[in-house]
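Descriptive structure summary
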Amino acid sequence: MPISTIMPPKKTLVIYSGPTSMNRFLDKNGMYIDNMNYFLEHGISCSDDTASNIQSEEDDNTESIIVNYAFVLTQEVADYYSAPNGPLTKKIQECKGVGREDQVEEDGETT
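For clarity, every value in this text was computed on a predicted model and none was experimentally measured.

**Some thoughts on unusual backbone geometry**
- One non-glycine residue with positive phi stands out, namely Asp27, at about 50 degrees.
- Tracing the backbone through its elements, the reader meets Asp27 in the loop between β2 (10-17) and α1 (29-43).

Pasting the structure below:
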């Protein structure tokens, strides 16, 4: 019978430095804006802030990792991305929705 071990999840911090201006034609901001939008769409998993803490021999030595994100932005860029309909706000709302769906699956009811 496999022995389960309780291991605390490892933690990591991703620091993303975004564009310095929303002017796509200033320096390389167009590329930086595209990169940030791509990162928000494809680089963040809504389950990054949760982790399963139970491991057994069948787990193939995989480890739980909790990922937190920090964004370094100018005020102009932060205002755009965190606006009510901004890309960062949308990602946060998407992840909150995923959290609620997971909670419904576990509890069988909405909390």
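What follows continues from the structure just given.
**Quick word on the pattern of salt bridges**
- Scanning the entire structure with this criterion turns up two salt bridges.
- A salt bridge links Asp34 to Arg24; the shortest N-O distance between them is 2.9 Å. Here Asp34 is found in helix α1, whereas its partner Arg24 is found in the loop between β2 and α1, with 10 residues between them in sequence.
- Note on Arg24: relative accessible area 37%, which makes it partly exposed.

**A word on a nonpolar patch on the surface**
- There is a patch of nonpolar side chains on the surface, built from Leu13, Ile15 and Val72 and spanning about 300 Å² of accessible area.
- Following the sequence through the fold, Leu13 ends up in strand β2.

**Focus on the packing of aromatic side chains**
- A full pass over the atoms with the stated rule returns five aromatic pairs.
- Judged by centre distance (6.2 Å) and plane angle (65 degrees), the rings of Phe39 and Phe71 are edge-to-face. On the criterion of sequence distance, the pair formed by Phe39 in helix α1 and Phe71 in strand β4 (residues 65-72) is long-range, its members being 32 residues apart.
- By relative accessible area, Phe39 is classed as buried at 16%.

What counts and what doesn't
Residues numbered from 1 in each chain as written. Predicted model: local features only at pLDDT ≥ 70, side-chain atom pairs only at ≥ 80, totals over all residues. Heavy atoms only, no water. Helix = DSSP H or I, 4+ residues; strand = E, 2+ residues; numbered from the N terminus. Salt bridge = Lys/Arg side-chain N within 4 Å of Asp/Glu carboxyl O. Buried < 20%, exposed > 50% of the residue type's maximum accessible area, 1.4 Å probe, protein only. Patch = residues over 30% accessible without salt bridge, like charges linked within 9 Å, V, L, I, M, F, W, Y side chains within 5 Å. Areas by Shrake-Rupley, 256 points an atom, 1.4 Å probe, with all protein chains shown as cover. Phe/Tyr/Trp six-rings, centres within 6.5 Å; stacked < 30°, edge-to-face > 60°.

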